[in-house]
Amino acid sequence: MEYQMYQEILEQPGALRKTFKEEKVHMTELAAKMDEFDKIYLIGCGSSFSTCCSAKSAVDYISNKDIEVYTGYEFVYNKNTDYKNSAALLTSQSGETADTLAALRLAKQRGVYTVSITNELNSKMAHEADASIITRGGTEKAILGTKTYTTQLMCLYNLLFQMHHETSGDKLDIRKNVLRDIRKLPNITENLIKRTQSEGLRLGEQFKDEELFYCMGSGPNYGLAYKLAMTMFMEGALKHACPVYSGEFRHGLIERAEKNVPIIFLDADYPGDKITKNAIEFGEKLGTKSIVYNMHDYSNMNSLMSPFTLVIPLEWFIYYLAHFNGEDPGETRHIGKIRYS
Ligand SMILES: O=P(O)(O)OC[C@H]1O[C@](O)(CO)[C@@H](O)[C@@H]1O
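Residues numbered from 1 in each chain as written. Predicted model: local features only at pLDDT ≥ 70, side-chain atom pairs only at ≥ 80, totals over all residues. Heavy atoms only, no water.

Asker: For the sheet that holds strand 2 (residues 66-70), give the residues involved together with the corresponding values.
Answerer: With parallel pairing, the 5 strands of this open sheet are ordered in space as 2-1-3-4-5. In the strand order of this sheet, the two ends are held by strand 2 and strand 5 (131-134), each with one partner. For this sheet the average axis-to-axis angle between neighbouring strands, irrespective of direction, equals 20 degrees. Examined bridge by bridge, strand 1 (residues 39-43) and strand 2 share 5 bridges and lie parallel to one another. Its bridge partner lying in strand 2, Tyr41 is registered against Glu68. Where helix 3 (residues 47-60) meets the sheet, it contacts strand 1, strand 2 and strand 3 (86-92), and its direction lies at approximately 160 degrees from that of strand 2. Lying on the sheet, helix 7 (residues 147-162) is in contact with strand 1, strand 2, strand 3, strand 4 (113-118) and strand 5; it crosses strand 3 at an angle near 160 degrees. (Pairing = 2+ DSSP bridges. Helix = DSSP H or I, 4+ residues; strand = E, 2+ residues; numbered from the N terminus. Axes fitted to C-alpha atoms, helices over the stretch in contact; angles between N-to-C directions. Contact = heavy atoms within 4.5 Å.)

Asker: A description of the domain arrangement of the protein should follow, citing residues and the corresponding values.
Answerer: A common measure of how large an interface is: the accessible area buried when the components associate. As assigned here, the protein comprises domain 1 (4-166) and domain 2 (197-324). Its C-alpha centre places domain 1 at a distance of 25 Å from the equivalent point of domain 2. If you look at the interface, domain 1 gives 24 residues, while domain 2 gives 24 residues. Across the interface of domain 1 and domain 2, roughly 2000 Å² is buried in total on both sides, 73% from carbon and sulfur atoms. Of all residues in domain 1, the largest losses of buried area upon contact with domain 2 belong to Tyr6, Tyr61 and Leu144, amounting jointly to 27% of the total for that side. Linking domain 1 to domain 2 there are 0 salt bridges. (Domains from an automatic or database assignment. Buried area = accessible area lost by both parts, 1.4 Å probe. Salt bridge = Lys/Arg side-chain N within 4 Å of Asp/Glu carboxyl O.)

Asker: Outline the side chain of Thr91, supporting the account with residue identities and numerical values.
Answerer: Residue placement: Thr91 occurs in strand 3. Residue classification places Thr91 among the buried positions, given a relative accessible area of 0%. A polar contact is formed between the side chain of Thr91 and the backbone oxygen of Ser48, at a distance of 2.6 Å. Among residues more than four places away in sequence, those in contact with Thr91 are Ile43, Gly44, Cys45, Ser48, Thr51, Cys52, Thr100, Ile117, Gln152 and Leu156. (Buried < 20%, exposed > 50% of the residue type's maximum accessible area, 1.4 Å probe, protein only. Polar contact = N/O pair within 3.5 Å; in protein donor to acceptor, adjacent residues only side chain to side chain.)

Asker: Let's hear about the confidence of the model for the protein: which residues, and what values?
Answerer: Confidence along the protein averages 94 in pLDDT terms, with 97% of residues attaining 70 or more. This complex was scored by the predictor with a pTM of 0.96 and an ipTM of 0.97. (pLDDT = per-residue confidence, 0-100.)

Asker: Which residues make up the UniProt feature "domain: SIS" (unreviewed entry) in the protein, and what values do they have?
Answerer: UniProt feature "domain: SIS" (unreviewed entry): in the numbering of this structure it lies at residues 30-170. Structurally, residues 30-170 is divided into 43% helix and 19% strand, and its ends, taken at the C-alpha atoms, are 25 Å apart. (UniProt positions renumbered as here; feature names shortened; annotations may be inferred.)

Asker: I'd love a proper account of the site of the ligand, names of residues and values included.
Answerer: Lining the immediate surroundings of the ligand are 13 residues, of which Ser48, Ser92, Thr97, Ile143 and Glu235 lie closest. Taking Ser47, its main chain carries an N or O atom lying 2.7 Å from an oxygen atom of the ligand. Summarising the interface, the protein chains cover 86% of the accessible area of the ligand, which totals 400 Å² for the free molecule. When residues of the shell around the ligand are traced back to their parent elements, those giving at least two are helix 3 and helix 9 (220-236). (Near = heavy atom within 4 Å. Areas by Shrake-Rupley, 256 points an atom, 1.4 Å probe, with all protein chains shown as cover.)

Asker: Please set out unusual backbone geometry residue by residue, giving values where relevant.
Answerer: Notably, Asn85 is not glycine yet its phi reads approximately 45 degrees, a positive angle. Within the element layout of this structure, Asn85 appears in the loop between helix 4 (72-78) and strand 3. A residue is classified by how much of its surface remains accessible, and Asn85, at 36% relative accessible area, is partly exposed.

Asker: Describe in detail the pairing of strand 3, supporting the description with residues and values.
Answerer: Each regular strand carries side chains that alternate between the two faces of the sheet. Along strand 3, 7 of the 7 residues are buried, which leaves the element largely enclosed by surrounding structure. A two-sided burial pattern is seen for strand 3, the buried positions comprising Ser86, Ala88, Leu90 and Ser92 on one face and Ala87, Leu89 and Thr91 on the other. Pairing geometry for strand 1 and strand 3, over 5 bridges, is parallel. By the bridge assignment, Ile40 is partnered in strand 3 with Ala87. Direction of pairing for strand 3 relative to strand 4: parallel, over a ladder of 6 bridges. Its bridge partner being in strand 4, Ala88 is matched across the sheet by Thr114.

Asker: Please provide a residue-by-residue account of the environment of Ala87, values included.
Answerer: Of note, Ala87 is situated in strand 3. Looking at Ala87, the relative accessible area reads 0%, which means it is buried. C-alpha separation for the pair Ala87 and Gly111, spaced 24 residues apart in sequence, amounts to 8.9 Å. In contact with Ala87, not counting residues within four places along its chain, are Met34, Phe37, Lys39, Ile40, Tyr41, Val112 and Tyr113.

Asker: Can you lay out the pattern of salt bridges for me, pointing to particular residues and giving the numbers?
Answerer: Counting across every chain of the model gives 18 salt bridges. The residue Glu96 makes a salt bridge to Lys124 at a minimum N-O spacing of 3.0 Å. One end of the pair, Glu96, is in the loop between strand 3 and helix 5 (98-109); the other, Lys124, is in helix 6 (residues 124-128), with 28 residues separating them in the sequence. Classification of Lys124 as partly exposed rests on a relative accessible area of 39%.

Structure follows, in structure tokens:
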């Protein structure tokens, strides 16, 4: 019953170590280069879109830098305004996703400085971007993205938090703590992988017959809630799932939060998690099947590192959920095989 994803979960600490070591200097140089631009676009799809959402939200806590997040085709079809003095960081584990590649080509045409973050050295995106950061995960086969997620997210955080931000006081401390925690990530990840496997197994078995999961988070955890629903549940465990911003709980999900409905709450005690906690309480009264992941139960890193922390117990949960349903969590039925153009 060991699927490909199993090995790839275990490979994350090594991939983080190697990526940091081999790209450290380059990332510092690129952070300085990014300072030259007035605006930064973060662009990716699926798992690689979720990292952009989390990183933007995290850096927003300490910075006023103008950063916008787009999926590949949203950027291509719907972004028509001014591209003056801007840069785009394009994330893609394969470096080949048509949507993100189209965004990269359009950005270049419009004079935007482009940086790709990809796991494939010989990919189109690595070749065509003005600069490239290569995550050193080794080939990843399981579709939902494990080691390419953590390494890509690490590169985005490292780059964005190293940029010059007008910070002082608390914000400066947060920035320093995040950069310190990034260095500790390989060891912390290693530990989390060991500590959370049995919990994932238990939850996977307990929830195996559920068909739909709501995934809620605020701040940087919304990006993870998105990944959890779109790639981990839907692509990996073949379950229906829906990401929800905590702040949007009262505008939709509240009407479906009924007895026995599974809701996964990602909590890191962010200011926005006031609403997450209210929603948890509301769910308790109604008898929802809540699973609450609070990042502080798993690590003592800065709260902004919550996606790095919570993704590990979630990977195990999804791995076993797929297993108890007789599915290989690394398989794909359509992704990578369907072409629109
Ligand atoms: O990161 P890449 O290689 O651009 O791939 C994007 C793909 O990743 C996935 O999120 C799978 O991890 C798919 O949804 C999507 O097709």
